[in-house]
Amino acid sequence: MALTLVHARIILVETFRIPAALIGSLVFPGLSLLFFVVPQRTVADNPEFATQAVIALSVFALMSNSLFSFGLNISANREQPWDPYLRTLPVPGVSRVLGQICSTGLMGLVSILPVIAIGALFTAAEASVLGVLAGIVALGISALPFMFIGISIGYSMSSKAAIAVVQIVMFGLAFAGGLFLPPYLFADWLDTLSKFLPSRQAREFVIWAVQGGELEPWVWIGILVWTAATFALALLLFRRDEGRRYR
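Given the structure is predicted, the values throughout are model-derived calculations rather than measurements. (Residues numbered from 1 in each chain as written. Predicted model: local features only at pLDDT ≥ 70, side-chain atom pairs only at ≥ 80, totals over all residues. Heavy atoms only, no water.)

## As for the pattern of salt bridges
Per the stated rule, a full pass over the model turns up 4 salt bridges. The salt bridge partner of Arg 41 is Asp 45, with a shortest N-O separation of 2.6 Å. In this structure Asp 45 comes out as partly exposed when scored by relative accessible area, which is 46%. When the shortest N-O distance is used, the salt bridge between Glu 204 and Arg 200 registers 3.0 Å. One end of the pair is Glu 204 and the other is Arg 200, both in helix H12 (residues 198-211) and 4 residues apart, which spans about a single turn. Where salt bridges share partners, they join Asp 191, Arg 200, Arg 203 and Glu 204 into one cluster. (Salt bridge = Lys/Arg side-chain N within 4 Å of Asp/Glu carboxyl O. Buried < 20%, exposed > 50% of the residue type's maximum accessible area, 1.4 Å probe, protein only. Helix = DSSP H or I, 4+ residues; strand = E, 2+ residues; numbered from the N terminus.)

## Re the UniProt feature "transmembrane region" (unreviewed entry) in the chain
Taken from the UniProt record, the annotation "transmembrane region" (unreviewed entry) applies to residues 20-38, 50-76, 97-122, 128-149, 161-181 and 218-238. From the first C-alpha to the last, residues 218-238 spans 29 Å; its make-up is 100% helix and 0% strand. (UniProt positions renumbered as here; feature names shortened; annotations may be inferred.)

## Quick look at the nonpolar core
Membership of the largest hydrophobic core comes to 32 residues, with the highest contact counts inside it found for Val 59, Met 63, Leu 179 and Val 206. Residue assignment for this core shows that the elements contributing at least two residues are helix H5 (47-78), helix H8 (129-142), helix H9 (144-156), helix H10 (159-176), H12 and helix H13 (217-246). Of the residues forming this core, the biggest block, 9 residues, is contributed by H5. Among residues more than four places away in sequence, those in contact with Val 206 are Ile 55, Val 59, Gly 135, Ala 138, Leu 139 and Ser 142. (Core = buried A, V, L, I, M, F, W, Y, C linked by side-chain atoms within 4.5 Å. Contact = heavy atoms within 4.5 Å.)

## Examining the packing of H5 against H12
At a minimum axis separation of 9 Å, H5 and H12 run at an interaxial angle of 130°. By the angle between their directions, the pair H5 and H12 is classed as oblique. Seen along the crossing, H5 lies across H12 with a hand that is right-handed. Of the residues in H12, those in contact with Pro 47, Glu 48, Thr 51, Gln 52, Ile 55, Ala 56, Val 59 and Met 63 of H5 are Ser 199, Ala 202, Arg 203, Val 206, Ile 207, Val 210 and Gln 211. (Axes fitted to C-alpha atoms, helices over the stretch in contact; angles between N-to-C directions. Parallel < 35°, antiparallel > 145°, perpendicular 65-115°, else oblique. Left-handed = near helix turned anticlockwise from the far one by under 90°.)

## Here's the deal with the packing of aromatic side chains
In this structure the tally under the stated criterion is 6 aromatic pairs. Measuring from ring centre to ring centre gives 4.7 Å for Phe 175 and Phe 180, while their planes differ by 80°; the resulting arrangement is edge-to-face. Among the residues examined, Phe 175 registers a relative accessible area of 47% and is labelled partly exposed. Look at Phe 180 and you get partly exposed, because its relative accessible area is 24%. (Phe/Tyr/Trp six-rings, centres within 6.5 Å; stacked < 30°, edge-to-face > 60°.)

Right under this line is the structure:
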């Protein structure tokens, strides 16, 4: 645990040394809510719709933070001589992984604060304290596939390629998953397709946690499948990278 906290602290220090790197994950989701949801008074003044919009953009904030933090950081570190040196130290690799998860999770929680603040101040979004706490837990669970996707990108390509791939994956999942436009505006084929995406499943899972109602089987089954599949892929690519570079 002590080594995990050390790694998490160092990662956070490295991140905050480049403030511009924080803009995408901390500012963009809040600005999206301010510019695209708040002016739409039919949505902003409706408690149910406004709450769902805040939830959708909170999922986007956590997703983008997970993809960028893991995908770009891992790919960039692999190109630096410091990364091979760290692997020679008598420190378990799990400490570095858990440190990355802790730092990314903390940044993810920070990234949703502007969204929640703007939603509370300028929309009719509402949720109980218990609902907010349940939503945070649901966000953490549904973020796992995005973390593993980011790890897979980081261990499979260079930093230059990872930047482009992360952006394509992020915006593709956001638009097709109903994080920018509510799914009821989708065509039937797109609505059906989006139900197979982790972003749509995360959206519905967090909405259920905050607002209650019925949880469709495809939501929790999809999250379980995506988590297992992306974890297996990340582990496979990690071992492949380790085999190529250290054996």
